[in-house]
Amino acid sequence: MMERRQFLALAGAGLGGLFGSAGPAWAQMPPLRLGVLSFGTVEWELAAIRALGLEEAAGLKIEPLKLASNDAARIAFLGDAVDSIVSDLLWAARMRGEGRDIVFLPFSASEGAVMRAPDSTIATVADLAGKRIGVAGGALDKSWILLQAYARHQAGIDLAKAAEPVFGAPPLLSMKLEQGELDAALLYWNFCARLEAKGFKRLVGADEVARSFGVEGPISFVGYVFKRNDGRNDRQIAAFAAASRQAKQALASQDAIWSQLRPLMQADDEATYNVLKRTFLAGIPSRTIADEQADAAKLYAKLAELGGEKLVGKTATLPEGLYWAGH
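Read on for an overview of the structure.

Parameters and conventions
- Residues numbered from 1 in each chain as written.
- Predicted model: local features only at pLDDT ≥ 70, side-chain atom pairs only at ≥ 80, totals over all residues.
- Heavy atoms only, no water.
- 1 Å grid on protein atoms, 1.4 Å probe; cavity = no way out; pocket = protein on both sides within 12 Å on 5 of 7 lines; lining within 4 Å.
- Points joined across faces, edges and corners; volume = space filled by probe spheres on them.
- Helix = DSSP H or I, 4+ residues; strand = E, 2+ residues; numbered from the N terminus.
- Nonpolar A, V, L, I, M, F, W, Y, C, P; charged D, E, K, R; others polar.
- Expected span 1.5 Å × (residues − 1).
- Buried < 20%, exposed > 50% of the residue type's maximum accessible area, 1.4 Å probe, protein only.
- Core = buried A, V, L, I, M, F, W, Y, C linked by side-chain atoms within 4.5 Å.
- Contact = heavy atoms within 4.5 Å.
- Salt bridge = Lys/Arg side-chain N within 4 Å of Asp/Glu carboxyl O.

Bringing empty space enclosed by the protein into the picture now. Considering all chains together, one arrives at four cavities of 30 Å³ or more under this definition. Roughly 360 Å³ of volume is contained in the largest cavity. For the lining of the largest cavity, the secondary structure elements donating two or more residues are strand E1 (32-37), helix H5 (70-78), strand E3 (84-88), strand E4 (102-108), helix H7 (142-155) and helix H10 (189-196). The dominant element in the lining of the largest cavity, judged by the number of residues it contributes, is E3, at four residues. Tallied by class, the residues present in the lining of the largest cavity amount to eleven nonpolar, ten polar and five charged. Looking at the second largest cavity, its volume works out to about 90 Å³. What lines the second largest cavity is Leu90, Trp91, Arg94, Leu140, Ile145, Tyr300, Leu311 and Val312. Mapped onto the lining of the second largest cavity, the elements with two or more residues apiece are helix H6 (89-97) and helix H16 (309-312).

The structure is reproduced here in structure tokens:
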């Protein structure tokens, strides 16, 4: 209990420097409607934000809306049912390239991977030809797009045609892989972590794919996507960005908060809990926005070269102003 009180006191002190005496003005902001996936890890960060009192300190009121899939999240976002979602960088870039006034705030550099059974004979991406591959997130998911580009680049195969992709929700695909009904599965990092704790192996991860295209450091492929509304809600975005950063700092430095998050993690055994925690912490963005943006632009240009409009849309270069930089 003492550790918990000290933890909250330190968090409060940090927020005082961030928000100063602007409380009443910040409190006038409308609620932030945030779309979250029921199987995602954004709820962990939201729980930390609330446990630390960061929401109130920032004058924020976050209204989470649970959504069933990435496709549902994007529909809700584009249809103005929510103000923000967590989505992938390539989709955000594509939307901004189409003229939408949105910004991207990095959430995590932890990446998904192609997972295979412990006794699988699949050794390279070329071995995926003719195999049933579970793909989480749908046909436009950034990891699937990257994997196709990688397979074309490394093995000269069109994976969408050479293999048999099976699209579905991550929990279902993970179960089908465990049951042997899939040969491999491209899953989000938290599902990869759960499988890793059971002895399943990674074939190739999105981070390895990115490095093969010349990326020098970790990129947060997943981030909060906000509508800027011509700058009218910049204060709200800035407040959320600061609260998110404070929560991540607390999660990285204090064990006490993790005991409160564990029920959300659905980690009944220590192996799963430890892998989930370790991978989440490893994915906390640590690079400057400028460095991330430079690598993202490099990767985006390579994808545009390899896959053209089918992969990246009509914009061949990373759109200017995509990253939130505290406007």
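Structure's up, so let's keep going.
An ideal rise of 1.5 Å per residue puts 28 Å on 20 residues; helix H12 (residues 234-253) measures up with 29 Å between its terminal C-alpha atoms. For H12, a buried count of 14 out of 20 residues is recorded, marking the element as mostly surrounded by other parts of the structure.

Let us now look at the nonpolar core. Note that soluble globular proteins tend to have their nonpolar side chains buried in a common cluster. Counting 67 residues, the largest nonpolar core has Leu159 and Leu299 as its most contacted members. Among the elements that make up this core, the one with the highest residue count is H7 (seven residues). Excluding residues that lie within four positions of it along the chain, Leu159 makes contacts with Leu128, Ile133, Trp144, Leu147, Gln148 and Ala151. If you look at the next biggest cluster of nonpolar residues, it comprises 41 residues, including Trp44, Val222, Ala241 and Ile257.

Summed over all chains, the structure comprises 21 salt bridges. The partner of Asp207 in a salt bridge is Arg211, and the shortest N-O contact between them spans 3.9 Å. Taken together, the positions of Asp207 and Arg211, both in helix H11 (residues 206-212) and four residues apart, correspond to about one turn of that helix. Where Arg262 meets Glu270, a salt bridge forms, and the shortest distance between an N and an O atom there is 2.9 Å. Look at Arg262 and you get partly exposed, because its relative accessible area is 23%. Through salt bridges with shared partners, one network takes in Glu216, Arg287, Asp295 and Lys298.

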